[in-house]
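Residue-level structural notes
The primary structure of each chain is shown beneath.
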Amino acid sequence: MNSLSVNDERLLGRLQRLGEIGRGADGRLVRLAASDAEKLGRDQFVAWLKETGIEVAVDRIGNIFGIWRPEGVADNAPLMLGSHIDTVIDAGIYDGCYGVLAGLEIIATLKESGLRPDCPIAVAAFTNEEGVRFAPDMMGSLVYAGGLDVDVALATTGIDGAILGNELRRIGYDGDMEPGFIQPHAYIELHIEQGPVLEREGIQIGAVENLQGISWQRVTVNGDANHAGTTPISMRRDAGHAAARVITFLRDRALSSNTPTVATVGCMTFEPNAINVIPSRAVFTVDLRDPDEDRLREEEAALEAFLAKVARDEDVLIEVERLARFEPVKFDRQIVELVEAAASRRGHTCRRMTSGAGHDAQMIARMAPSAMIFVPSIGGVSHNPKEKTHDTDLVAGANMLLDVVASLAKA
Ligand code: HGY
Ligand code: MN
Ligand code: MN
Ligand code: MN
(Lines give C-alpha, C1' and ligand atoms only; values in the text may rest on other atoms or scores of the structure.)
(Ligands and ions follow the chains in the order given, each with its own letter.)
Protein backbone atom coordinates (compact mmCIF):
# COMPACT_ATOMS: atom_id res chain seq x y z
CA MET A 1 0.00 0.00 0.00
CA ASN A 2 2.99 2.22 0.73
CA SER A 3 3.41 2.97 -2.99
CA LEU A 4 0.05 4.78 -3.02
CA SER A 5 0.18 8.58 -2.72
CA VAL A 6 -2.43 11.28 -2.73
CA ASN A 7 -3.09 13.47 -5.74
CA ASP A 8 -1.11 16.43 -4.44
CA GLU A 9 -2.22 18.84 -7.15
CA ARG A 10 -5.88 18.18 -6.39
CA LEU A 11 -5.35 18.58 -2.62
CA LEU A 12 -3.25 21.74 -2.86
CA GLY A 13 -5.53 23.22 -5.54
CA ARG A 14 -8.62 22.67 -3.40
CA LEU A 15 -6.92 24.19 -0.36
CA GLN A 16 -6.16 27.33 -2.35
CA ARG A 17 -9.67 27.41 -3.85
CA LEU A 18 -11.42 27.01 -0.46
CA GLY A 19 -8.99 29.57 0.96
CA GLU A 20 -10.46 32.20 -1.36
CA ILE A 21 -14.08 31.59 -0.32
CA GLY A 22 -15.05 34.23 2.23
CA ARG A 23 -12.22 36.63 1.41
CA GLY A 24 -13.56 40.18 1.65
CA ALA A 25 -12.74 43.24 -0.45
CA ASP A 26 -10.23 44.10 2.29
CA GLY A 27 -8.41 40.84 1.55
CA ARG A 28 -9.26 39.33 4.93
CA LEU A 29 -10.50 35.73 5.04
CA VAL A 30 -13.50 35.52 7.38
CA ARG A 31 -15.73 32.42 7.22
CA LEU A 32 -17.49 32.44 10.61
CA ALA A 33 -19.76 29.54 11.52
CA ALA A 34 -23.12 29.53 9.71
CA SER A 35 -22.39 32.82 7.95
CA ASP A 36 -23.10 33.52 4.27
CA ALA A 37 -19.38 33.14 3.57
CA GLU A 38 -19.30 29.77 5.31
CA LYS A 39 -22.34 28.65 3.35
CA LEU A 40 -20.32 29.15 0.16
CA GLY A 41 -17.48 27.13 1.68
CA ARG A 42 -19.91 24.39 2.70
CA ASP A 43 -21.46 24.35 -0.78
CA GLN A 44 -18.01 23.96 -2.34
CA PHE A 45 -17.15 21.08 0.00
CA VAL A 46 -20.45 19.33 -0.77
CA ALA A 47 -19.81 19.80 -4.51
CA TRP A 48 -16.42 18.07 -4.10
CA LEU A 49 -18.04 15.26 -2.11
CA LYS A 50 -20.53 14.72 -4.94
CA GLU A 51 -17.73 14.90 -7.51
CA THR A 52 -16.03 12.08 -5.56
CA GLY A 53 -19.22 10.04 -5.87
CA ILE A 54 -19.84 9.46 -2.18
CA GLU A 55 -22.91 9.82 0.03
CA VAL A 56 -23.50 13.25 1.60
CA ALA A 57 -25.26 13.65 4.95
CA VAL A 58 -25.85 16.67 7.21
CA ASP A 59 -26.89 16.36 10.84
CA ARG A 60 -29.06 18.69 12.91
CA ILE A 61 -26.12 20.81 14.10
CA GLY A 62 -24.98 21.23 10.49
CA ASN A 63 -22.03 18.82 10.58
CA ILE A 64 -21.42 17.70 6.97
CA PHE A 65 -20.33 14.10 6.25
CA GLY A 66 -19.09 12.44 3.08
CA ILE A 67 -19.40 8.68 3.45
CA TRP A 68 -17.73 6.15 1.14
CA ARG A 69 -19.38 2.73 1.40
CA PRO A 70 -17.37 0.60 -1.08
CA GLU A 71 -19.40 -2.14 -2.79
CA GLY A 72 -19.05 -5.50 -1.15
CA VAL A 73 -17.75 -3.98 2.07
CA ALA A 74 -19.78 -4.76 5.17
CA ASP A 75 -21.49 -1.69 6.55
CA ASN A 76 -19.34 -1.81 9.71
CA ALA A 77 -18.52 1.21 11.83
CA PRO A 78 -16.70 3.63 9.55
CA LEU A 79 -13.27 5.06 9.96
CA MET A 80 -13.76 8.83 10.28
CA LEU A 81 -11.48 11.66 9.14
CA GLY A 82 -12.18 15.36 9.24
CA SER A 83 -11.85 18.74 10.89
CA HIS A 84 -13.61 22.06 10.21
CA ILE A 85 -13.96 24.72 7.51
CA ASP A 86 -15.15 27.65 9.61
CA THR A 87 -12.39 30.17 10.33
CA VAL A 88 -11.41 32.86 12.79
CA ILE A 89 -11.38 36.54 11.71
CA ASP A 90 -8.62 37.42 9.21
CA ALA A 91 -7.65 33.76 9.04
CA GLY A 92 -5.13 31.65 7.21
CA ILE A 93 -6.25 29.04 4.68
CA TYR A 94 -4.99 25.82 6.33
CA ASP A 95 -6.51 25.68 9.85
CA GLY A 96 -9.20 22.98 9.69
CA CYS A 97 -9.57 23.00 5.89
CA TYR A 98 -6.39 20.97 5.52
CA GLY A 99 -7.80 18.09 7.59
CA VAL A 100 -11.17 18.14 5.82
CA LEU A 101 -9.72 18.25 2.30
CA ALA A 102 -6.99 15.72 3.08
CA GLY A 103 -9.68 13.39 4.46
CA LEU A 104 -11.62 13.75 1.21
CA GLU A 105 -8.40 13.26 -0.76
CA ILE A 106 -7.72 9.96 1.04
CA ILE A 107 -11.19 8.69 0.06
CA ALA A 108 -10.76 9.84 -3.56
CA THR A 109 -7.28 8.30 -3.80
CA LEU A 110 -8.39 4.94 -2.35
CA LYS A 111 -11.52 4.92 -4.50
CA GLU A 112 -9.47 5.57 -7.65
CA SER A 113 -6.82 3.01 -6.70
CA GLY A 114 -9.26 0.11 -6.64
CA LEU A 115 -8.05 -0.78 -3.13
CA ARG A 116 -10.89 -1.66 -0.79
CA PRO A 117 -10.89 -0.85 2.94
CA ASP A 118 -12.65 -3.30 5.25
CA CYS A 119 -15.08 -0.60 6.40
CA PRO A 120 -16.76 2.54 5.12
CA ILE A 121 -14.69 5.72 5.39
CA ALA A 122 -16.29 9.06 6.32
CA VAL A 123 -14.95 12.60 6.21
CA ALA A 124 -16.54 15.26 8.42
CA ALA A 125 -16.61 19.06 8.35
CA PHE A 126 -17.75 19.89 11.88
CA THR A 127 -19.80 23.00 12.60
CA ASN A 128 -18.38 25.93 14.57
CA GLU A 129 -15.00 24.55 15.58
CA GLU A 130 -13.55 28.01 16.10
CA GLY A 131 -16.19 29.29 18.48
CA VAL A 132 -15.61 32.90 17.39
CA ARG A 133 -19.27 33.64 16.59
CA PHE A 134 -20.96 31.05 18.84
CA ALA A 135 -19.45 29.58 22.03
CA PRO A 136 -18.29 27.02 22.94
CA ASP A 137 -15.72 26.16 20.34
CA MET A 138 -15.62 22.65 18.85
CA MET A 139 -19.42 22.88 19.17
CA GLY A 140 -20.40 20.64 16.24
CA SER A 141 -18.12 17.78 17.27
CA LEU A 142 -19.05 18.23 20.96
CA VAL A 143 -22.73 17.83 20.07
CA TYR A 144 -21.89 14.92 17.75
CA ALA A 145 -20.09 13.13 20.59
CA GLY A 146 -23.01 13.72 22.97
CA GLY A 147 -21.25 16.34 25.10
CA LEU A 148 -23.85 19.06 24.45
CA ASP A 149 -27.55 18.70 23.74
CA VAL A 150 -28.26 19.57 20.09
CA ASP A 151 -31.31 21.74 20.92
CA VAL A 152 -29.32 23.67 23.53
CA ALA A 153 -26.59 24.23 20.94
CA LEU A 154 -29.08 25.31 18.27
CA ALA A 155 -30.50 27.89 20.71
CA THR A 156 -27.06 29.52 21.23
CA THR A 157 -26.89 33.27 20.64
CA GLY A 158 -23.87 34.52 18.74
CA ILE A 159 -21.76 37.62 19.38
CA ASP A 160 -23.90 39.30 16.69
CA GLY A 161 -27.18 38.32 18.37
CA ALA A 162 -28.00 35.64 15.78
CA ILE A 163 -29.38 32.25 16.89
CA LEU A 164 -27.36 29.31 15.57
CA GLY A 165 -30.38 27.19 14.64
CA ASN A 166 -31.92 30.04 12.63
CA GLU A 167 -28.60 30.64 10.88
CA LEU A 168 -28.17 26.98 9.93
CA ARG A 169 -31.73 26.97 8.57
CA ARG A 170 -31.08 30.23 6.69
CA ILE A 171 -28.00 28.82 4.97
CA GLY A 172 -29.70 25.49 4.29
CA TYR A 173 -27.55 23.33 6.58
CA ASP A 174 -30.09 22.40 9.24
CA GLY A 175 -29.74 18.74 8.47
CA ASP A 176 -32.10 16.03 9.67
CA MET A 177 -29.62 13.35 10.77
CA GLU A 178 -29.35 12.97 14.53
CA PRO A 179 -25.84 13.86 15.79
CA GLY A 180 -23.92 10.63 16.38
CA PHE A 181 -25.85 8.89 13.57
CA ILE A 182 -22.67 7.08 12.53
CA GLN A 183 -20.50 5.65 15.31
CA PRO A 184 -16.90 5.69 14.01
CA HIS A 185 -14.54 2.88 15.01
CA ALA A 186 -11.71 5.41 14.98
CA TYR A 187 -11.12 9.07 14.13
CA ILE A 188 -7.93 10.69 12.85
CA GLU A 189 -7.53 14.43 12.30
CA LEU A 190 -4.71 15.89 10.22
CA HIS A 191 -3.93 19.50 11.14
CA ILE A 192 -1.24 22.13 10.93
CA GLU A 193 0.54 22.42 14.28
CA GLN A 194 -0.26 26.11 14.64
CA GLY A 195 2.74 26.41 16.96
CA PRO A 196 6.57 26.59 16.79
CA VAL A 197 7.67 23.16 18.06
CA LEU A 198 8.07 21.06 14.90
CA GLU A 199 9.77 23.80 12.90
CA ARG A 200 12.08 24.74 15.80
CA GLU A 201 13.18 21.11 16.20
CA GLY A 202 13.32 20.45 12.45
CA ILE A 203 10.80 17.61 12.74
CA GLN A 204 8.38 16.78 9.92
CA ILE A 205 5.50 15.00 11.69
CA GLY A 206 3.80 15.44 15.06
CA ALA A 207 2.18 12.32 16.56
CA VAL A 208 -0.26 14.13 18.83
CA GLU A 209 -0.78 12.15 22.03
CA ASN A 210 -2.79 14.65 24.03
CA LEU A 211 -4.44 18.05 23.98
CA GLN A 212 -4.43 20.67 26.73
CA GLY A 213 -7.37 21.83 28.85
CA ILE A 214 -9.28 24.93 27.77
CA SER A 215 -11.20 27.47 29.88
CA TRP A 216 -13.12 30.32 28.20
CA GLN A 217 -14.88 33.03 30.23
CA ARG A 218 -16.49 36.39 29.47
CA VAL A 219 -15.93 39.07 32.16
CA THR A 220 -18.17 42.14 32.48
CA VAL A 221 -16.95 45.03 34.65
CA ASN A 222 -19.57 47.63 35.64
CA GLY A 223 -18.32 51.02 36.87
CA ASP A 224 -19.57 54.57 36.35
CA ALA A 225 -19.23 56.82 33.35
CA ASN A 226 -17.92 60.21 34.33
CA HIS A 227 -16.10 63.21 32.92
CA ALA A 228 -12.48 62.47 31.97
CA GLY A 229 -11.44 66.04 32.82
CA THR A 230 -13.26 66.85 36.02
CA THR A 231 -13.31 63.55 37.91
CA PRO A 232 -10.33 63.19 40.29
CA ILE A 233 -8.47 59.89 39.80
CA SER A 234 -9.26 58.81 43.36
CA MET A 235 -13.01 59.27 42.81
CA ARG A 236 -13.48 57.06 39.78
CA ARG A 237 -15.26 53.74 39.24
CA ASP A 238 -13.25 53.14 36.06
CA ALA A 239 -14.27 49.86 34.37
CA GLY A 240 -11.54 50.27 31.76
CA HIS A 241 -8.78 50.53 34.35
CA ALA A 242 -10.14 47.52 36.24
CA ALA A 243 -10.10 45.47 33.03
CA ALA A 244 -6.55 46.57 32.25
CA ARG A 245 -5.41 45.37 35.70
CA VAL A 246 -6.86 41.91 34.98
CA ILE A 247 -5.11 41.65 31.61
CA THR A 248 -1.77 42.55 33.19
CA PHE A 249 -2.38 40.13 36.07
CA LEU A 250 -3.07 37.22 33.68
CA ARG A 251 0.00 37.85 31.57
CA ASP A 252 2.38 38.46 34.50
CA ARG A 253 1.12 35.32 36.24
CA ALA A 254 1.51 33.13 33.13
CA LEU A 255 4.94 34.63 32.38
CA SER A 256 6.28 34.12 35.93
CA SER A 257 4.75 30.67 36.41
CA ASN A 258 7.33 28.75 34.24
CA THR A 259 4.59 26.23 33.53
CA PRO A 260 3.00 25.74 30.06
CA THR A 261 -0.02 27.81 31.19
CA VAL A 262 -1.17 30.32 28.57
CA ALA A 263 -3.63 33.17 29.08
CA THR A 264 -5.15 35.40 26.40
CA VAL A 265 -7.58 38.30 26.42
CA GLY A 266 -8.67 38.31 22.78
CA CYS A 267 -11.82 40.44 22.85
CA MET A 268 -12.41 43.73 24.69
CA THR A 269 -15.10 46.39 24.41
CA PHE A 270 -15.62 49.60 26.42
CA GLU A 271 -18.85 51.51 26.89
CA PRO A 272 -19.64 54.23 25.99
CA ASN A 273 -16.25 54.05 24.22
CA ALA A 274 -15.67 57.81 24.00
CA ILE A 275 -12.31 59.52 24.36
CA ASN A 276 -13.41 61.85 27.17
CA VAL A 277 -15.69 59.51 29.15
CA ILE A 278 -14.46 57.22 31.91
CA PRO A 279 -15.63 53.73 30.80
CA SER A 280 -18.77 52.67 32.62
CA ARG A 281 -18.46 49.11 31.35
CA ALA A 282 -15.73 46.83 30.04
CA VAL A 283 -16.48 43.39 28.57
CA PHE A 284 -13.59 41.07 27.77
CA THR A 285 -12.87 37.36 27.23
CA VAL A 286 -10.33 35.19 29.03
CA ASP A 287 -8.85 32.11 27.32
CA LEU A 288 -6.83 30.02 29.83
CA ARG A 289 -5.13 26.76 28.84
CA ASP A 290 -2.88 24.20 30.49
CA PRO A 291 -2.07 20.53 29.79
CA ASP A 292 -2.61 19.77 33.49
CA GLU A 293 -6.18 19.88 34.84
CA ASP A 294 -5.16 20.68 38.44
CA ARG A 295 -3.00 23.60 37.29
CA LEU A 296 -5.80 24.89 35.05
CA ARG A 297 -8.16 24.84 38.05
CA GLU A 298 -5.55 26.74 40.08
CA GLU A 299 -5.34 29.37 37.35
CA GLU A 300 -9.13 29.73 37.30
CA ALA A 301 -9.19 30.07 41.10
CA ALA A 302 -6.40 32.68 41.02
CA LEU A 303 -8.32 34.67 38.41
CA GLU A 304 -11.49 34.48 40.48
CA ALA A 305 -9.64 35.76 43.58
CA PHE A 306 -8.01 38.59 41.63
CA LEU A 307 -11.36 39.65 40.12
CA ALA A 308 -12.75 39.91 43.68
CA LYS A 309 -9.74 42.02 44.72
CA VAL A 310 -10.13 44.37 41.73
CA ALA A 311 -13.85 44.73 42.43
CA ARG A 312 -13.03 45.87 45.98
CA ASP A 313 -10.07 48.09 45.03
CA GLU A 314 -11.83 49.82 42.13
CA ASP A 315 -15.34 49.78 43.60
CA VAL A 316 -16.75 48.10 40.49
CA LEU A 317 -19.14 45.18 40.00
CA ILE A 318 -17.72 42.17 38.14
CA GLU A 319 -19.75 39.34 36.52
CA VAL A 320 -18.27 36.24 34.92
CA GLU A 321 -19.95 34.06 32.30
CA ARG A 322 -18.55 30.59 31.49
CA LEU A 323 -18.21 30.15 27.70
CA ALA A 324 -16.36 26.84 27.42
CA ARG A 325 -14.52 24.39 29.67
CA PHE A 326 -12.78 21.26 28.40
CA GLU A 327 -10.43 19.08 30.41
CA PRO A 328 -7.15 17.87 28.85
CA VAL A 329 -7.62 14.87 26.55
CA LYS A 330 -5.36 11.85 25.99
CA PHE A 331 -5.48 10.37 22.47
CA ASP A 332 -5.48 6.69 21.57
CA ARG A 333 -2.01 5.17 22.09
CA GLN A 334 -2.39 2.57 19.33
CA ILE A 335 -3.24 5.18 16.70
CA VAL A 336 -0.37 7.36 17.92
CA GLU A 337 1.93 4.35 17.41
CA LEU A 338 0.49 3.82 13.91
CA VAL A 339 1.36 7.44 13.11
CA GLU A 340 4.93 6.90 14.34
CA ALA A 341 5.23 3.66 12.34
CA ALA A 342 3.95 5.36 9.19
CA ALA A 343 6.42 8.21 9.67
CA SER A 344 9.37 5.86 9.96
CA ARG A 345 8.23 3.84 6.92
CA ARG A 346 8.10 7.06 4.93
CA GLY A 347 11.43 8.18 6.36
CA HIS A 348 9.98 11.22 8.14
CA THR A 349 11.23 12.50 11.48
CA CYS A 350 8.45 12.38 14.05
CA ARG A 351 7.90 13.30 17.70
CA ARG A 352 5.04 12.90 20.13
CA MET A 353 3.48 16.11 21.28
CA THR A 354 0.66 17.90 23.05
CA SER A 355 -1.75 20.06 21.08
CA GLY A 356 -1.91 23.64 22.34
CA ALA A 357 -4.96 24.29 20.18
CA GLY A 358 -8.43 22.83 20.60
CA HIS A 359 -9.57 20.41 17.91
CA ASP A 360 -12.60 18.35 16.95
CA ALA A 361 -10.54 15.25 17.74
CA GLN A 362 -10.73 16.08 21.44
CA MET A 363 -14.51 15.76 21.23
CA ILE A 364 -14.73 12.67 19.01
CA ALA A 365 -12.27 11.04 21.47
CA ARG A 366 -15.32 10.86 23.77
CA MET A 367 -16.94 8.33 21.44
CA ALA A 368 -14.13 6.58 19.56
CA PRO A 369 -10.35 6.01 19.67
CA SER A 370 -8.94 9.24 18.21
CA ALA A 371 -5.61 10.86 17.46
CA MET A 372 -4.07 13.62 15.37
CA ILE A 373 -1.22 14.15 12.96
CA PHE A 374 0.51 17.56 12.84
CA VAL A 375 2.66 19.10 10.15
CA PRO A 376 4.91 22.13 10.80
CA SER A 377 3.64 25.71 10.71
CA ILE A 378 6.14 28.16 9.25
CA GLY A 379 7.18 30.51 12.06
CA GLY A 380 4.63 28.72 14.25
CA VAL A 381 2.08 31.24 13.01
CA SER A 382 -1.68 30.54 12.87
CA HIS A 383 -4.99 32.38 13.32
CA ASN A 384 -3.26 34.95 11.13
CA PRO A 385 -3.25 35.47 7.35
CA LYS A 386 0.48 34.70 7.41
CA GLU A 387 -0.37 31.09 8.42
CA LYS A 388 1.62 28.86 6.06
CA THR A 389 2.90 25.31 5.71
CA HIS A 390 5.26 24.13 2.97
CA ASP A 391 3.47 22.20 0.21
CA THR A 392 5.93 19.34 0.69
CA ASP A 393 4.85 19.10 4.34
CA LEU A 394 1.16 19.31 3.43
CA VAL A 395 1.56 16.42 0.98
CA ALA A 396 3.72 14.42 3.40
CA GLY A 397 1.05 14.78 6.08
CA ALA A 398 -1.70 13.68 3.71
CA ASN A 399 0.31 10.60 2.68
CA MET A 400 0.85 9.85 6.36
CA LEU A 401 -2.91 10.01 6.88
CA LEU A 402 -3.34 7.66 3.90
CA ASP A 403 -0.96 5.15 5.49
CA VAL A 404 -2.68 5.31 8.89
CA VAL A 405 -6.08 4.88 7.22
CA ALA A 406 -4.76 1.91 5.23
CA SER A 407 -3.47 0.33 8.46
CA LEU A 408 -6.72 0.91 10.35
CA ALA A 409 -9.00 -0.03 7.45
CA LYS A 410 -6.71 -2.76 6.10
CA ALA A 411 -6.91 -1.35 2.58
O1 HGY B 1 -9.28 27.81 20.08
C2 HGY B 1 -8.78 26.85 19.51
O3 HGY B 1 -7.79 26.32 19.96
C4 HGY B 1 -9.35 26.32 18.24
O5 HGY B 1 -8.70 26.98 17.17
N6 HGY B 1 -10.76 26.48 18.17
MN1 MN C 1 -8.47 24.13 13.60
MN1 MN D 1 -8.38 27.45 14.79
MN1 MN E 1 -8.94 23.83 16.18
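Residues numbered from 1 in each chain as written. Chains lettered and ligands numbered in written order. Predicted model: local features only at pLDDT ≥ 70, side-chain atom pairs only at ≥ 80, totals over all residues. Heavy atoms only, no water.

The protein atoms donating to the manganese ion (ligand 2) are H84 (NE2), D95 (OD) and H191 (NE2), with metal-donor distances spanning 2.0 to 2.3 Å. Coordination of the manganese ion (ligand 2) draws on donor residues from a single chain, spaced H-x10-D-x95-H in sequence. The manganese ion (ligand 3) is placed at 3.5 Å from the manganese ion (ligand 2), the two being bridged by D95. Taken together, the residues H84 in strand β3 (residues 79-84) and D95 in the loop between β3 and α3 (97-113) connect sequence positions 11 residues apart. A single burial state applies to H84 and to D95, both of which are buried. (Donors = N, O, S within 2.8 Å, 3.2 Å for Na, K, Ca; no water. Helix = DSSP H or I, 4+ residues; strand = E, 2+ residues; numbered from the N terminus. Buried < 20%, exposed > 50% of the residue type's maximum accessible area, 1.4 Å probe, protein only.)

Another point: helix α2 (residues 36-52). With 17 residues, α2 extends 25 Å between its outermost C-alpha atoms, agreeing within 8% with the 24 Å of an ideal straight helix rising 1.5 Å per residue. Three or more residues of α2 are buried, namely A37, E38, G41, R42, Q44, F45, V46, W48, L49 and T52. Just beyond α2, the residue with positive phi is G53, at close to 75°. (Expected span 1.5 Å × (residues − 1).)

Following the UniProt record, one finds the feature "binding site: Zn(2+) 2" (unreviewed entry) at D95, E130 and H383. Of the residues just listed, which span 289 residues, no C-alpha pair is farther apart than 10.0 Å, and they cluster in one region. Those annotated residues lining the largest cavity are, specifically, D95, E130 and H383. Within the secondary structure layout, E130 lies in the loop between β4 (121-126) and α4 (139-144). Relative to the helices and strands, H383 resides in the loop between β14 (370-375) and α12 (391-408). For H383, a relative accessible area of 43% translates into the label partly exposed. In contact with H383, other than residues within four places in its own chain, are V88, D90, D95, E130 and Q194. Separated by 3.0 Å, the side chains of H383 and D95 make a polar contact. (UniProt positions renumbered as here; feature names shortened; annotations may be inferred. 1 Å grid on protein atoms, 1.4 Å probe; cavity = no way out; pocket = protein on both sides within 12 Å on 5 of 7 lines; lining within 4 Å. Contact = heavy atoms within 4.5 Å. Polar contact = N/O pair within 3.5 Å; in protein donor to acceptor, adjacent residues only side chain to side chain.)

This paragraph deals with unusual backbone geometry. Of the consecutive residues A135 and P136, the connecting peptide bond is found in the cis state with omega at 5°. Along the chain, the position of P136 falls in the loop between β4 and α4. Of the consecutive residues E271 and P272, the connecting peptide bond is found in the cis state with omega at -5°. Among the structural elements, P272 can be located in the loop between β9 (268-271) and β10 (281-290). For A34, which is not glycine, the phi dihedral falls at a positive 65°. For A34, the location among the structural elements is in the loop between α1 (8-20) and α2. Here the phi dihedral of D90 falls at roughly 60°; this positive angle occurs in a residue that is not glycine. Mapped onto the elements, D90 comes out in the loop between β3 and α3.

What follows concerns the pairing of strand β6 (residues 205-211). The buried count for β6 comes to 6 of 7 residues, which makes it a mostly enclosed element. Across 6 bridges, β6 lies against strand β13 (residues 350-355) in parallel orientation. Bridged to I205 within β13 is C350. Where β6 and β14 come together, 3 bridges link them in antiparallel fashion. Bridge assignment links G206 to a residue of β14, and that residue is F374. Both β6 and strand β12 (residues 329-330) contribute to a ladder of 2 bridges, which runs antiparallel. Across the sheet, the residue bridging to N210 is K330, located in β12. (Pairing = 2+ DSSP bridges.)

Bound to the manganese ion (ligand 3) on the protein side are D95 (OD), E130 (OE), E130 (OE) and H383 (NE2), at distances that span 2.1 to 2.6 Å. Considered as a linear motif, the donors of the manganese ion (ligand 3) on their single chain read D-x34-E-x252-H.

Turning our eyes to something else, we now look at the site of ligand 1. Neighbouring ligand 1 are the residues E129, E130, D137, M138, W216, R289, A357, G358 and H383. Interatomic distance of 3.3 Å between a side-chain N/O atom of H383 and an oxygen atom of ligand 1. Burial of ligand 1 by the surrounding chains reaches 95%, relative to a free accessible area of 210 Å². Within the shell around ligand 1, the residues separate by chemical class into 3 nonpolar, 2 polar and 4 charged. (Near = heavy atom within 4 Å. Areas by Shrake-Rupley, 256 points an atom, 1.4 Å probe, with all protein chains shown as cover. Nonpolar A, V, L, I, M, F, W, Y, C, P; charged D, E, K, R; others polar.)

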